[in-house]
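# Fold and geometry: a report
In case you want the letters, here they are:
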Amino acid sequence: MGCGILTTYTQIANIAGLQGLLVYALCGAIPIFLFSLVGPQIRKRCPEGFVLTEWVYQRYGTVAALYLSAFTILTMFLYMVSELTAVGGAISAMTGLDPTPCVIVECVVTSIYTALGGFKVSFVTDTFQGAFLMVFLVIGVIGYALNIDINPQLKHETEGELLGSNKLGWMLVYILFIAIVTNDCFLAGFWLRTFAAKTNKDLMIGTGIASVSICIISVLVGLPGILAVWTGDLTIGSEDGWNAFFILIANMSNWVIGIILVFAVGLSTCNFDSLQSATTTTISNDIFRNKLPMIWVRFLVWLVMVPSIVVALKASANVLQIYLIADLVSASVIPVLFLGLSKRFFFLNQWDIMIGGLGAILAIFIFGTIYYGSALEGAKLLLVNNGLYSDSDWGAFGAFVIAPWGGMLIGLSSAGCRIFYYYIYSRITNTPFTALDYVEPQHKSSKYTNESDEQEINEIEEDLMTVDSIKDKKNRSQDSE
């Protein structure tokens, strides 16, 4: 969890009140625990894996793996942008200084130590991040308790709207859960940690602790979105709602501002190095199949960071919109992909899941065209142009309904058409119909090892089988005697 949590949760609290904040906190926490349920299945099917795309490669094939990798890299790029935007906004709001130098230094420093230490360094910095967050919360709570003056009249006038139930809050129960669950699947950092767990029990304990912690912390850091309304610094649904945390901190003592600023940058740095390591892993493993020297892979990651810095500093107004686009894409792509975990859907292939994901995006456009009565507005819905946080516009809600369910339906329809075609072809040509014959997916180690290594592995496995056979014969002979 980086500095971005200090902006997103305050924004939803400022717009949808306490109900929206609690929904967002739960929807951000529950998907983490779901990795302990889905992760063991992935680990069992792909024991040598360390990211989701390895299972996709094994289950569906190379094209599907590259298809997922492209969206994974895009998602992590957007996370980099949002993280740099958040820390830049924190510096600007609390000090009034230009955040550019700090943002550049953060990118340079994280690039150096991740290049030297690899992903293990990210595990180490996560420990510091946890300590930073605890100190951050303690100082923040003390600072708010001593410095925030709530206007009783404003509180009385707005508490019904901010503390009560509202239609937008109920809409977000579905929208945010689907958006976050599917988007988390694009984050290679989560999968690296899932595969790194020693046992499934350890994975469940770790994700359980993380989920509870995330939920509590998210609520605490989101409350300023409500408090800023009661102090008169913001109004409900203000454009600066995302900045509520820092707006209130800026009015406190300099020592509080200094400590909060230091720990905000620390949070951002610890999260940013994980994104760098995950992007490096994805590019190296999925795109170049670990054949490109790591120094060149890291150089490509450094090139990716340049536009992320530019976008974060110059086009921050559009970052959240781009982030919502990523959520909509992930909601279209991931559900149909995960149908492959069940043997009931063994007939799905890589073309089916790709047609399903891309077809869902097309279906959203068609829905938007019908709902708004304009093809242009339908295209804008793909960009989530009207945002999510409106209780009068059901366009975004409809898009997030169509994305997962439409993707699965279109993917299954693609498989049905393909199977029907092969059935007709087999009847016409009088050839065996094999489209529904189940074939157990095999681990394709050739992607991760060269041919000589694979041949050596096969020879060792044959030798072990021979030894086991000899032992078995010897044991049966002794039993008969």
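Residues numbered from 1 in each chain as written. Predicted model: local features only at pLDDT ≥ 70, side-chain atom pairs only at ≥ 80, totals over all residues. Heavy atoms only, no water.

Tallying secondary structure elements over the chain gives 18 helices and zero strands in all. Within the chain, buried positions represent 48% of all 481 residues. In the chain, of all internal contacts separated by at least 6 residues, the share reaching a separation of at least 24 is 81%. As presented, the chain carries roughly 22900 Å² of accessible surface, and 66% of it is formed by carbon and sulfur atoms. (Helix = DSSP H or I, 4+ residues; strand = E, 2+ residues; numbered from the N terminus. Buried < 20%, exposed > 50% of the residue type's maximum accessible area, 1.4 Å probe, protein only. Contact = heavy atoms within 4.5 Å. Areas by Shrake-Rupley, 256 points an atom, 1.4 Å probe, with all protein chains shown as cover.)

All right, on to the environment of D327 then. Its location among the elements puts D327 in helix α14 (residues 319–338). For D327, a relative accessible area of 6% puts it in the buried group. Considered as a pair, D327 and A403 are 76 residues apart in the sequence and their alpha carbons are 9.9 Å apart. What D327 contacts, discounting residues up to four positions off in sequence, is A179, T182, N183 and F400.

Quick look at the pattern of salt bridges now. Per the stated rule, a full pass over the model turns up three salt bridges. One salt bridge in this structure joins R418 and D352, with 2.6 Å as the shortest N-O distance. Residue R418 is located in helix α17 (residues 395–429), and its partner D352 is located in helix α15 (residues 350–372); the two are separated by 66 residues in the primary sequence. With a closest N to O distance of 3.7 Å, E377 and K380 form a salt bridge. (Salt bridge = Lys/Arg side-chain N within 4 Å of Asp/Glu carboxyl O.)

Moving on, we come to helix α7 (residues 167–184). In this model α7 runs 26 Å from its N-terminal to its C-terminal C-alpha over 18 residues, within 8% of the 26 Å that 1.5 Å per residue would give. Of all 18 residues that make up α7, 13 are buried, and the element is covered over most of its length. Taking the backbone nitrogen of G169 as reference, a side-chain oxygen 2.6 Å away marks N166 as the first, capping residue of α7. (Expected span 1.5 Å × (residues − 1). Polar contact = N/O pair within 3.5 Å; in protein donor to acceptor, adjacent residues only side chain to side chain.)

Mean pLDDT over the chain: 81, with 88% of residues reaching 70 or higher. Across the chain, α15 holds the top mean pLDDT of 92, while helix α18 (residues 451–480) sits lowest at 53. (pLDDT = per-residue confidence, 0-100.)

Here we take up the side chain of T282. If you trace the backbone, T282 turns up in helix α12 (residues 254–287). Within the local environment of T282, its side chain forms a polar contact with the backbone oxygen of A278, the two atoms lying 2.9 Å apart. Discounting chain neighbours no more than four positions away, the residues touching T282 are S69, T72, I73, M76, A188 and I287.

Moving on: the packing of aromatic side chains. All told, the structure shown has 18 aromatic pairs when counted by the stated rule. Between the aromatic rings of W55 and F338, the centroid separation amounts to 6.2 Å while the plane-to-plane angle is 80°, which identifies the pairing as edge-to-face. Of this pair, W55 sits in helix α2 (residues 52–59) while F338 sits in helix α14, placing them 283 residues apart in sequence. Accessibility assignment for this pair places W55 and F338 in one class, buried. The interplanar angle of 90° and the centroid separation of 5.5 Å between the aromatic rings of Y423 and F433 together place this pair among those described as edge-to-face. With Y423 in helix α17 and F433 in the loop between α17 and α18, this pair connects stretches of sequence that are 10 residues apart. By relative accessible area, Y423 is classed as partly exposed at 35%. One aromatic cluster in this structure is built from F35, F190 and W191. Positioned above the aromatic ring of Y60 is the side chain of R59, whose terminal nitrogen or guanidinium carbon lies 4.6 Å from the ring centre. Its end group placed over the ring of W230, K155 keeps NZ or CZ at 5.1 Å from the ring centre. (Phe/Tyr/Trp six-rings, centres within 6.5 Å; stacked < 30°, edge-to-face > 60°. Lys NZ or Arg CZ within 6 Å of the ring centre and 35° of its normal.)

The contact between helix α3 (residues 62–95) and α15 brings their axes to 8 Å, and the two run at 30°. Relative to α15, the element α3 lies roughly parallel. For the element pair α3 and α15, the recorded crossing hand is left-handed. Residues T62, V63, A64 and Y67 of α3 form the contact with α15, whose own contacting residues are Q350, W351, I353, M354, G357 and L358. (Axes fitted to C-alpha atoms, helices over the stretch in contact; angles between N-to-C directions. Parallel < 35°, antiparallel > 145°, perpendicular 65-115°, else oblique. Left-handed = near helix turned anticlockwise from the far one by under 90°.)

Attention now moves to a nonpolar patch on the surface. A surface patch of nonpolar side chains, about 520 Å² in accessible area, is lined by I295, W296, F299, W302 and L303. Relative to the helices and strands, L303 resides in helix α13 (residues 294–314). The partly exposed category is assigned to L303, whose relative accessible area is 45%. (Patch = residues over 30% accessible without salt bridge, like charges linked within 9 Å, V, L, I, M, F, W, Y side chains within 5 Å.)

Okay, the environment of P224 next. Within the secondary structure layout, P224 lies in helix α10 (residues 224–230). For P224, a relative accessible area of 2% translates into the label buried. Here the alpha-carbon distance between P224 and W242, two residues 18 residues apart in the chain, equals 9.7 Å. Beyond its immediate chain neighbours, meaning those up to four positions away, P224 contacts T10, Y144, A244, F245 and L248.

Attention now goes to unusual backbone geometry. A positive phi angle, near 60°, is found at N430, a position not held by glycine. Residue N430 is classed as exposed on the basis of its relative accessible area, which comes to 71%.

Topologically, R59 is positioned in helix α2. Buried and unpaired, R59 has D352 as its nearest opposite-charge partner, separated by 7.8 Å. Here the side chain of R59 touches G340 through a polar contact of 3.4 Å, landing on its backbone oxygen. (Lys, Arg positive; Asp, Glu negative; His and termini not counted.)

Bringing helix α9 (residues 200–222) into the picture now. Compared with an ideal rise of 1.5 Å per residue, which puts 23 residues at 33 Å, α9 spans 32 Å between its outermost C-alpha atoms and is within 8% of the ideal. Those residues of α9 that sit buried are L203, T207, G208, S211, I214, C215, I217, S218, V219, V221 and G222. Those residues of α9 hidden inside the fold are in contact with α1 (5–45), α5 (119–147), α8 (188–196), α10 and α11 (244–249).

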